[in-house]
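# Structural features, examined
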Amino acid sequence: MSAIGTPAPEFTLTTKDGGTRSLAEYRGAPLVIVFFPFAFSPVCTDELCHLQDHTDTFEQFGASVVCISADSHYCLDAFARQESYDFELLSDRWPQAEVSRAYGVFDEREGCSLRHTVTVDAEGVIRDVSRAEMTEPREWDRLHDVLADLTRS
């Protein structure tokens, strides 16, 4: 798992639309990276719907959010269209899943990203890492506190 206080591993991934986004593009503001196991699964769908319903939290702190899974960008595009997600969905395509592996959040047995949230500050340093079990939703209250602390720093 990624260590707090270390530089976030760089990445360039495919967007749901087939473009690319890299970590460097988010510098200058906090970034919340939400690794999730599978598009269309019940827990992941509920979690991402929660994010969609609480975009004001990210706006309040000037933070961006990206959601990363090992699903293909085609799958993520269909998922985003079905659920009307406005935030960025990035494909860390399995079997390589290089970004999930670099962040230490890849489940080799299941072939998917684990349910982790990594908060990166404006300079690209990891400031918080939280995790939830594969079948359990993550706790979002902590994220608000982490973002509040980043804006006070």
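Structure first, text after, so check above.
The following paragraphs examine the structure supplied in this document. On a predicted model such as this, the values are computed, not experimentally measured, just so you know.

Criteria and thresholds
Residues numbered from 1 in each chain as written. Predicted model: local features only at pLDDT ≥ 70, side-chain atom pairs only at ≥ 80, totals over all residues. Heavy atoms only, no water. Core = buried A, V, L, I, M, F, W, Y, C linked by side-chain atoms within 4.5 Å. Buried < 20%, exposed > 50% of the residue type's maximum accessible area, 1.4 Å probe, protein only. Helix = DSSP H or I, 4+ residues; strand = E, 2+ residues; numbered from the N terminus. Contact = heavy atoms within 4.5 Å. Pairing = 2+ DSSP bridges. Axes fitted to C-alpha atoms, helices over the stretch in contact; angles between N-to-C directions.

### Topic: the nonpolar core
Core analysis: the biggest nonpolar cluster contains 23 residues, and Phe36, Leu48, Leu51, Cys67 and Leu89 have the highest contact counts within it. When residues of this core are traced back to their parent elements, those giving at least two are strand S3 (31-35), helix H1 (42-53), strand S4 (64-69), helix H3 (73-83) and helix H5 (141-152). Looking at this core, the element that brings in the most residues is H5, giving four residues. For Phe36, the residues in contact, after removing those within four places along its chain, are Cys44, Leu48, Cys67, Ile68, Ser69, Asp71, Leu76, Phe79, Leu89, Ser113, Leu114 and Arg138. Within the second largest apolar cluster, 18 residues are counted, among which are Phe11, Ile33, Leu90 and Val120.

### As for the sheet that holds strand S8 (residues 116-120)
Strands sit in the order S2-S1-S5-S4-S3-S8-S9 across an open sheet of seven strands; the sheet is mixed. Of all the strands in the sheet, just strand S2 (20-22) and strand S9 (126-131) have a single pairing partner and so form its edges. Taken pair by pair, the neighbouring strands of this sheet meet at an average axis angle of 30°, ignoring direction. Bridging between strand S1 (residues 12-15) and S2 involves three bridges; their strand directions are antiparallel. By the bridge assignment for S2, Thr12 is matched with Ser22.

By themselves, these figures tell us nothing about what the structure is for.
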